[in-house]
Amino acid sequence: MAFTAEKEALVVDSWNAMKADAAELGLKFFLRIFEITPSASGLFPFLRDTSVPLEKNPKLKRHAMSVFAMTCEAAVQLRKLGRVILKETTTKHLGATHAKAGITGEHFELMRYALLETIREAVPYMWSPKMRNAWAESYDQLVEAIKKEMRPVA
Ligand code: HEM
């Protein structure tokens, strides 16, 4: 089914409403992930052996913002081009980074759930099943693009 302008707007408009509160959003997103699967925090090198509290860790916020912003960009591309085409260097780098960090399909699933729940709580007045599906579809297509570049590491 085509990714319509309506779906694109559902993602872009809610992202615009949320991003003013990026710091809190990023923290909630990760807390949700770690609440469901506490061991996931061990995947992030910058969370190991650090005395910086979670909410002050700039890398955590950066990763959260990448996921939100890239999912939003994916929505724009899906509407314009019908598929997600990231810059070659970006995709390859992301693929290699995640393969090296040992990220699996289950981790992407976990993040998908946390992403949707975080959005639902951040903009309850905008939330709808249509909005949920538009974010989910954009996220899934983005993840497919990353997974294609994830080669097993020696
Ligand atoms: C690194 C984006 C999913 C764990 C990164 C980086 C970006 C990114 C931009 C920085 C790459 C670099 O410059 O080194 C994304 C996007 C995702 C996604 C867009 C989904 C659409 C995940 C998931 C996990 C994860 C599901 C694990 C639960 C990591 C780890 C790193 C990383 C461990 C390396 C961090 C470091 O070494 O400092 N990701 N990510 N990512 N990501 Fe993701």
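Scroll up to find the structure this text is about.
Source: prediction; values computed, not measured.

Enquirer: Just give me the short version of the site of the ligand, but keep the residues and values in it.
Expert: Neighbouring the ligand are 21 residues, the closest being L43, F46, H63, H93 and H98. Here a nitrogen atom of the ligand sits 2.8 Å away from a polar atom, N or O, in the side chain of H63. For the ligand, a nitrogen atom lies 2.8 Å from a polar atom in the side chain of H98. For the shell around the ligand, the secondary-structure elements that each account for two or more residues are α3 (58-81), α4 (88-100), α5 (105-122) and α6 (129-148). Residues belonging to the shell around the ligand are distributed by class as follows: 15 nonpolar, six polar and no charged.

Enquirer: Describe the packing of α3 against α5, and please don't skip the residues or the numbers.
Expert: Running from amino to carboxyl end, α3 crosses α5 at an angle of 80°, the nearest separation of the two axes being 12 Å. The orientation of α3 relative to α5 falls into the category roughly perpendicular. In this structure, α3 uses H63, V67, F68 and T71 to contact α5, whose residues at the interface are M111, L115, T118 and I119. Of the residues assigned to the contact of α3 with α5, the class counts are five nonpolar, three polar and no charged.

Enquirer: Tell me about α5, and name the residues and values.
Expert: Look at α5: 26 Å from first C-alpha to last across 18 residues, which is about the 26 Å you get at 1.5 Å a residue. Within α5, the full set of buried residues consists of F108, L110, M111, R112, A114, L115, L116, E117, T118 and I119. Turning to α5, the residues buried within the fold contact α1 (5-18), α2 (22-36), α3 and α6.

Enquirer: So, the environment of W135: which residues are in play, and what are the values?
Expert: In this structure, W135 sits in helix α6. Sequence separation between W135 and L115 is 20 residues; the distance between their C-alpha atoms is 8.8 Å. A distance of 3.0 Å separates a polar atom in the side chain of W135 from a polar atom in the side chain of S14.

Enquirer: Before we move on, could you go through the coordination of the iron atom of the ligand and cite the residues and values that matter?
Expert: For the iron atom of the ligand, the full set of protein donor atoms is H63 (NE2) and H98 (NE2), at a range of 2.0 Å. Around the iron atom of the ligand, the six donor atoms are arranged such that angles at the metal cover 87 to 179°; this shape is classified as octahedral. Of this pair, H63 sits in helix α3 while H98 sits in helix α4, and the two are 35 residues apart along the sequence. You can call H98 buried: its relative accessible area is 14%.

Enquirer: Explain the packing of α1 against α6 to me, and be specific about the residues and the numbers.
Expert: Running from N to C, α1 and α6 cross one another at 90°; their axes reach a closest spacing of 9 Å. Taken as axis vectors, α1 and α6 run roughly perpendicular relative to one another. Only K130, M131, A134, W135, E137 and S138 of α6 make contact with α1, whose side of the interface consists of E6, K7, L10, V11, S14, W15 and M18. By residue class, the composition of the contact of α1 with α6 is seven nonpolar, two polar and four charged.

What counts as what
- Residues numbered from 1 in each chain as written.
- Predicted model: local features only at pLDDT ≥ 70, side-chain atom pairs only at ≥ 80, totals over all residues.
- Heavy atoms only, no water.
- Near = heavy atom within 4 Å.
- Polar contact = N/O pair within 3.5 Å; in protein donor to acceptor, adjacent residues only side chain to side chain.
- Helix = DSSP H or I, 4+ residues; strand = E, 2+ residues; numbered from the N terminus.
- Nonpolar A, V, L, I, M, F, W, Y, C, P; charged D, E, K, R; others polar.
- Axes fitted to C-alpha atoms, helices over the stretch in contact; angles between N-to-C directions.
- Parallel < 35°, antiparallel > 145°, perpendicular 65-115°, else oblique.
- Contact = heavy atoms within 4.5 Å.
- Expected span 1.5 Å × (residues − 1).
- Buried < 20%, exposed > 50% of the residue type's maximum accessible area, 1.4 Å probe, protein only.
- Donors = N, O, S within 2.8 Å, 3.2 Å for Na, K, Ca; no water.
- Tetrahedral: all angles 85-135°; square planar, octahedral: opposite > 155°, others 65-115°.

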